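# Structural description and commentary
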Amino acid sequence: MSAADENGAKRIVRGALVKVLRHRRTERGMSLEPHASRCVQAGEVHELVTTDHTETEEGSRIDRVGFLGFAELSCAGVLDRGDEFWVGGRFVGTVLGFDACHFPNHYNILITADTPVSGEDLGLAPELPIEFRAG
């Protein structure tokens, strides 16, 4: 069985925005973790970051980013590279991977989008629902 055939059905990981961020950077220097998936727990807070980078090699430098904000997860689950990310019922992009520069406090969940956008760019507000759906 190939790695692509190993994944079965999974739950939607839901939560809510707890803080909106308004900035973008062109030389952030995040580093892509080697893991294509991460388990998350209910009550954890993680940072949501958009990028137009698409490379998935371990250690890839991620510079062009937009900061959406922080979200609290309302249920445990598994986030996988390629999962769809939705906020307030709007599709934003797909999970590229994870940067752990602030771990164990939180992960930066990197979301590939056409253009790095901030929470302010999208008109986000605290308490908007978020979802990670199987890609």
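Quick caveat: nothing in here was measured; it's all calculated off a predicted structure.

### Remarks on the pairing of strand E9 (residues 84-87)
By the bridge criterion, four bridges tie E9 to strand E10 (residues 90-99) in an arrangement that is antiparallel. Considered in E10, the bridge of glutamate 84 is made with threonine 94. Counting the residues between successive antiparallel strands, the hairpin from E9 to E10 contains two residues, one of them, glycine 88, with a positive phi of roughly 55°.

### Side note on the pairing of strand E1 (residues 13-20)
In regular strands, side chains alternate between the two faces of the sheet. Taken together, the four bridges between E1 and strand E12 (residues 129-133) define a ladder with antiparallel strand orientation. Opposite valine 13, over in E12, you have phenylalanine 132 as the bridge partner. As defined by bridge partners, E1 adjoins strand E7 (residues 65-73) across five bridges and the pair is classed as antiparallel. Looking at E7, one finds that alanine 16 is bridged to glutamate 72.

### Here's the deal with unusual backbone geometry
The linkage connecting phenylalanine 103 with the following residue, proline 104, adopts the cis geometry, with an omega of 20°. If you trace the backbone, proline 104 turns up in the loop between E10 and strand E11 (108-112). Despite not being glycine, glutamate 127 shows a phi value in the positive range, around 80°. Take glutamate 127: it is sitting in the loop between E11 and E12. Among the residues examined, glutamate 127 registers a relative accessible area of 62% and is labelled exposed.

### Brief notes about the side chain of serine 118
The residue serine 118 is located in the loop between E11 and E12 in this model. By relative accessible area, serine 118 is classed as buried at 0%. Apart from residues no more than four positions distant in its own chain, serine 118 is found in contact with Leu21, Arg22, His23, Arg24, Gly66, Phe67 and Leu68.

Rules used throughout
- Residues numbered from 1 in each chain as written.
- Predicted model: local features only at pLDDT ≥ 70, side-chain atom pairs only at ≥ 80, totals over all residues.
- Heavy atoms only, no water.
- Pairing = 2+ DSSP bridges.
- Helix = DSSP H or I, 4+ residues; strand = E, 2+ residues; numbered from the N terminus.
- Buried < 20%, exposed > 50% of the residue type's maximum accessible area, 1.4 Å probe, protein only.
- Contact = heavy atoms within 4.5 Å.

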